[in-house]
Amino acid sequence: MSLTLCSPTLCLYFSLSLGLSLWAVAVLLVALLCLDPHSRVSSAPICTHGPSGCHVPSLADLFDRVIQHSARMHSLSNDLHSEFEQYFLPSKNSIGKIYRKCHTSSILTPNGKENAQKLAREELTEVILKLLMAWRDPLFQLHQSMAHQQDFNSFSSNKALEMGDMTHELRKGVEKVAEKMRVLGMLGNSVTGLSPAETMLPISDSGEAMSNYELLYCFRRDSNKVQNYLKILKCRIIPEHDC
Amino acid sequence: MRNSGAVLILIFIVKLISQAAGVSAPGKPKLTSCRSPEKETFTCWWEPGEDGGLPTTYALYYHLENSETVYECPDYKTAGNNSCFFNKNDTSLWVNYNITVVATNALGKNISEPVEVDVAYIVQPNTPENVTAVVVDEDQGPFVRVSWEKPRTADTRSGWITLLYQLRVKQQKDKEWEEYNAGMQKYYNVFSLHPDTEFMVQVRCKPDHGFWSEWTQTTYIKMPDYIPRQRSLWIIITIFSVFIVLILTWTLNVKRNSVKLCLLPPVPGPKIKGFDKQLLKSGKTEEVFNSLVIQGFPPTIDYDDLLVEYLEVYDNEEQELVLDGKDLSEDCIKSKSPSDCDSGRGSCDSRTLLLEKCMVGRKGSGSDQHQYSQHGETSWASTESSECQGLEPGSPESSDGRVKTWPVVFSSPQPHHHYQAETVKPVYHSVPEILNHSSPHIMPTNYHHLHHQDIPQQEGRHGKPACRHSQSYNHFNLDGLNTPAPGVSPSRSLEYVEVQRVNPENMLLLRPLSDPNREPEGSDYAGEDYSKVKEVTSNNILLLRRDTSHHCVDDYSQASQCTTQQPPHPCKPVIYQSNSGMPQEGMRVMGNGYVDSTVLMPSY
C-alpha cells in the first residue's frame, strides 16, 4: 500500500527527529516565556576593554553597588559583634568595656552630619578609603584567630572571612568610584593615594594586640561610618536617586 | 581622733533619727532609655528611685569614651521631667557616652548605674507624616494607594539617614493587621481589599540600623462596592464556547439524517389483520374494536363433537340402501390409502386421505351438504372425519360456495336431534369465509345428513331383503340444499364405530368404540372394530355380517338368527358404490374377510 514507500527504520528516524525538534521548540518557548527579562538581576559587566562595545556602568550604578556592598559589610559586622557579645560576654558590664582605642582612631573622621557635610568630596572619599585600607590586615588576622580558636563555629569564621573579602572589594569599588569621579571632573586631584607607610597596625597604645571582641567592636563602628559617608557622598554627587 | 569619732557618732545618730522620722537618702535612679530621632540629637530618660521623703534633685553626668572629662547634662527641660536632652553640639556619633544619673537630697545622694550609649545605634525616628489613602479605580478593579511623608526631623535628603517604611492595614472587625514593607518609597498600593468595607491604615519607619518608629494615627479608607471582573478570562471562555457550539452545529447538520433517525425513530404502524387504521382515525372506537372481533374466534373445539360417539343407522324398508354414487366418494373407496392403516386405527394419514378424498369427492359433488332426513333414512355414517372443508374453504367446486361437509359420525346417541346440531363449529380456518360462503343453512359438520329424498329413485335399489339389513346409505345431496341443515362441525376425528344394535325399525345404531357410555350389551363389540364382510355383491355391495358370536344372518335370504337381546342384527351390508366399479380395489379386504371400514368412508 501507500506506506510501503517508507521503510520502518526511516519512519522511525523521521518520527524521532520530529519529536525531538518539537520538544526542543517547546523547551525554548517555555524558557523564553518564563525568563522574564525584567525579573533578572542585570549585572553590567565591568569593561576591561574600554568603553567600546561594552556597557559602561554609570556613576549612579557604581554608587549603588558600592553602597550595597557597604551595607552588607556592616550587617555582617553587626551580626558577628552581637554573637560575640552574646556568647562570650554574658555580663553587660558597660564599665570598662573598651579599654583600648581602636587603631583607626587616629584617622580623623567626621562624627556629625555637619562635620561630614563640611568635608569636601575628595576628603570624604579619602577618609573612606583610609578606613577601608586600615582594616584590610586586621580583618585577616581576625579571621585567622577565629578560625584557630575552637570557640567559634565555622559559620562565624566564614563570616569573618567574607567580611574581609568584602572590605577588600569595597575598597576596590570605592577606588573605582573615585576614579570615575575624577574622570568626570567631580573630584579634584587633591586625592592622593594612600602611601604604604600609612598602613596601620592594630596595636593599641599599650602595645598589646587587640582581642577579637575589640576588633569586632571597632570594625562595626567603622563599617557604619563607611556606609554613612558613602551615602552622603552619593547624595551630594547624585542627589536625585534615593536621596 | 576624738573629733572624727564624735562626728561619726553624730552622723550615726542623725541617721537613726532620720530613719525613725521616715526620711532617708534618695533611692537609686535608673536610666531607662536614650533615643535619637534623627541621628543628630538624643535624649536620655531616667527613672527616679525613692526620694526618701525629702526633695531630691537629679543630675546627669556623662563622659565620653577615652576621656575623663565629666560633663553634666546641658538640658533638663526640653525633653520633660527626668530627661536630658543633648543637642547637636553635644552629640557626637560613633563615640560612646558614659552616662550616669545622680539623685541628691538632704540626706544623701545616689548614683545610678552607668550606661554606655553610641548615638549611631539608638536612632528611633519620628512617625511618618501625612498618611493619605486614596481609592484608585482601574480595569482590574479598584485598589487603595497609601502615601505619606517622611518625618520632618529625619534628613534623608543628604543621605545622612535612610528610612525604611512599613504600613499595615486591617478592617475594623479584624484582629490581625496585615503588614506590608514599602522599602524606601513613600507610597504603596494595596490590592485585593474587600469591597464595600472600611479599612484602617497605619505607617511607621525605621532607619537602616535602628529602632522602629511609632505607628501613625489611623487613617480610614472605605472601599467602594464593585464586582470583580476578570474580563480576559470571560472573553476566552466565550470564544471557546462559541467555537464549540459552531462545531457541534456543523456536525449535527452533516449528520442530521442519522440524528433524526436516532431521536425520532419511525413509529411502526399497527399491523393487526383486519384492523382498519381509517376507523381509528375516525375516532369511532366501537367500530374499530368490533372489526377486531371475529365471530367464533378463537375457535373452540368441542371435543365432544370430535368424538365419534354413535352412528345411528336406520333401516328403512321403503328405501333401500341407495348409494349415490356421485355422492359417495367412490373415489374414496378406490382411493388408495397410502398408509397401511388397519381398519382399527382411527387416524392414519387421515389428513392426506381426506385430502385426496376431498379432491376426488368434490369433483362429483355439487353441494356439500348432507341433508338429513328424518327417520326413515338409513344412513351410513362414516366415522371418518374430513377436514376438507377446512382445507379448501374457497374451493371453486362449490359453485355456490357452500361449505363442504363431511360424512362424519353422528356423535350422539340421540338419533335425530343431534343431527340438527345447532352449533356451527368451524374447526379450522377462517370463519368469515365460512360465513361468507355459507348459505344460511349450512354447517353441517359432524353429521351425515342423509337425504333420502332421491334415494329410492337414484340408484339401484335392491329388493328388500328378507333380512332386513339395514341399509345405510349415504346420500349426499350435493345438488341442493333444500333442507336447511344445522351447522355441524365438519371435522371429525377418525374413529371407528361399531354397531350397537338394530332397532326394530331396522336402524342400525352405531356407536363409536371409544364411547364410554357404551352399553354393555354391545360388549361383544367392545374389542371388535371390524365387521366381517360376508361377501361382495356384484353391484359393489359389501355385505357385512355380524360377528359369529352373534350369529347373524349373513345373507339376504337367511333369516336372521339374531339374538333377541338385540334388535335383529341383520347383516349389515355395507354398501359402497364406487363409480369406477372396482370396489375391491377401494377396499381392503383383510385376510379374514374383514374390511377395513375406514377405507370405505366416503369423503366428501
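- For chain B, the name recorded in an unreviewed UniProt entry is Prolactin receptor, with Cyprinus carpio carpio as its organism.
- Per UniProt, chain B carries the Subcellular location (unreviewed entry) text "Membrane".
- Looking at chain B in UniProt, the text filed under Sequence similarities (unreviewed entry) is "Belongs to the type I cytokine receptor family. Type 1 subfamily."

- Identification of chain A as Prolactin 2 from Cyprinus carpio carpio is taken from an unreviewed UniProt entry.
- The UniProt entry for chain A carries this comment under Subcellular location (unreviewed entry): "Secreted".
- The record held by UniProt for chain A lists under Sequence similarities (unreviewed entry) the comment "Belongs to the somatotropin/prolactin family."

## Quick look at the pairing of strand β1 (residues 30–35) of chain B
All names here are of chain B.
No. 1: Where β1 lies against strand β2 (residues 42–47), five bridges are found, and the strand directions are antiparallel. From the neighbouring strand, Arg35 faces β2, where its bridge partner is Thr43.
No. 2: Joining the antiparallel neighbours β1 and β2 is a turn of six residues, in which Lys39 adopts a positive phi near 65 degrees.

## Description of the sheet that holds strand β13 (residues 187–190) of chain B
Adjacent strands of a sheet form backbone hydrogen bonds with each other and so pair up, either parallel or antiparallel.
Residue and element names in this part refer to chain B.
No. 1: In space, the three strands of this open sheet follow the order β9-β10-β13, with antiparallel pairing throughout. Lying at the two open borders of the sheet, with one neighbouring strand each, are β9 (129–136) and β13. Each strand of the sheet is rotated relative to its neighbour by a mean of 15 degrees, with strand direction disregarded.
No. 2: Sheet topology note: the β9/strand β10 (residues 143–149) ladder contains six bridges and is antiparallel. Note that in β10 the partner of Ala133 across the bridge is Val146.

## Examining the interface of chain B and chain A
No. 1: Contact residues are listed per partner, giving 24 residues for chain B and 25 residues for chain A.
No. 2: Summed over both partners, the interface of chain B with chain A comes to about 2300 Å²; 48% of that surface belongs to carbon and sulfur atoms.
No. 3: Between Glu65 of chain B and Arg221 of chain A there is a salt bridge, with its nearest N and O atoms 3.0 Å apart.
No. 4: Summed over the shared surface of chain B and chain A, the result is eleven residue pairs in polar contact (both at pLDDT 80 or more).
No. 5: Counted by class, the side of chain B that touches chain A contains seven nonpolar, eight polar and nine charged residues.

## Quick look at the state of the cysteines
No. 1: Summed over all chains, the structure comprises four disulfides over all chains.
No. 2: Between the sulfur atoms of Cys102 of chain A and its disulfide mate Cys218 of chain A the distance is 1.7 Å. Across the disulfide from Cys102 of chain A to Cys218 of chain A, rotation about the S-S bond amounts to roughly -90 degrees, and the bridge is consequently left-handed. One end of the pair, Cys102 of chain A, is in the loop between α2 (59–88) and α3 (113–118); the other, Cys218 of chain A, is in helix α7 (residues 212–237), with 116 residues separating them in the sequence. Across the pair, exposure class does not vary: Cys102 of chain A and Cys218 of chain A are buried alike.
No. 3: Bridging Cys34 of chain B to Cys44 of chain B, the disulfide has an S-S length of 1.7 Å.

## Remarks on a nonpolar patch on the surface
No. 1: A cluster of nonpolar side chains, contributed by Leu12, Tyr13 and Leu16 of chain A, occupies part of the molecular surface with about 340 Å² of accessible area.
No. 2: According to the relative accessible area criterion, Tyr13 of chain A is exposed, its value standing at 56%.

## Things to note about the sheet that holds β1 of chain B
Residues and elements named next belong to chain B.
No. 1: Spatial ordering of the open sheet is given by β1-β2-β5, a layout of three strands whose pairing is antiparallel. Of all strands in the sheet, those bounded by a partner on one side alone are β1 and β5 (83–86). The mean angle between the axes of side-by-side strands here comes to 15 degrees, regardless of whether they run parallel or antiparallel.

## Notes on the pattern of salt bridges
Between side chains of opposite charge, a pair can form as their charged atoms come close.
No. 1: Per the counting criterion, the structure on display carries 16 salt bridges over all chains.
No. 2: Salt-bridge contacts for Lys113 of chain A lead to Asp155 of chain B; the nearest nitrogen and oxygen are separated by 2.5 Å. Placement of Lys113 of chain A in helix α3 and of Asp155 of chain B in the loop between β10 and β11 (163–171) is noted, with the two residues assigned to different chains. Like Lys113 of chain A, the residue Asp155 of chain B is buried in the burial classification.
No. 3: When the shortest N-O distance is used, the salt bridge between Arg152 of chain B and Glu129 of chain B registers 3.4 Å. Taken together, the positions of Arg152 of chain B in the loop between β10 and β11 and Glu129 of chain B in strand β9 put the pair 23 residues apart, joining distant regions of the chain.
No. 4: Residue class for Arg152 of chain B comes out exposed when judged on its relative accessible area of 65%.
No. 5: Each of the salt bridges in this network shares a partner with another, and the network as a whole consists of Lys113 and Glu114 of chain A together with Glu40, Lys88 and Asp155 of chain B.

Reading the values: the criteria
- Residues numbered from 1 in each chain as written.
- Chains lettered and ligands numbered in written order.
- Predicted model: local features only at pLDDT ≥ 70, side-chain atom pairs only at ≥ 80, totals over all residues.
- Heavy atoms only, no water.
- UniProt positions renumbered as here; feature names shortened; annotations may be inferred.
- Pairing = 2+ DSSP bridges.
- Helix = DSSP H or I, 4+ residues; strand = E, 2+ residues; numbered from the N terminus.
- Axes fitted to C-alpha atoms, helices over the stretch in contact; angles between N-to-C directions.
- Contact = heavy atoms within 4.5 Å.
- Buried area = accessible area lost by both parts, 1.4 Å probe.
- Salt bridge = Lys/Arg side-chain N within 4 Å of Asp/Glu carboxyl O.
- Polar contact = N/O pair within 3.5 Å; in protein donor to acceptor, adjacent residues only side chain to side chain.
- Nonpolar A, V, L, I, M, F, W, Y, C, P; charged D, E, K, R; others polar.
- Disulfide = S-S within 2.5 Å.
- Buried < 20%, exposed > 50% of the residue type's maximum accessible area, 1.4 Å probe, protein only.
- Patch = residues over 30% accessible without salt bridge, like charges linked within 9 Å, V, L, I, M, F, W, Y side chains within 5 Å.
- Areas by Shrake-Rupley, 256 points an atom, 1.4 Å probe, with all protein chains shown as cover.

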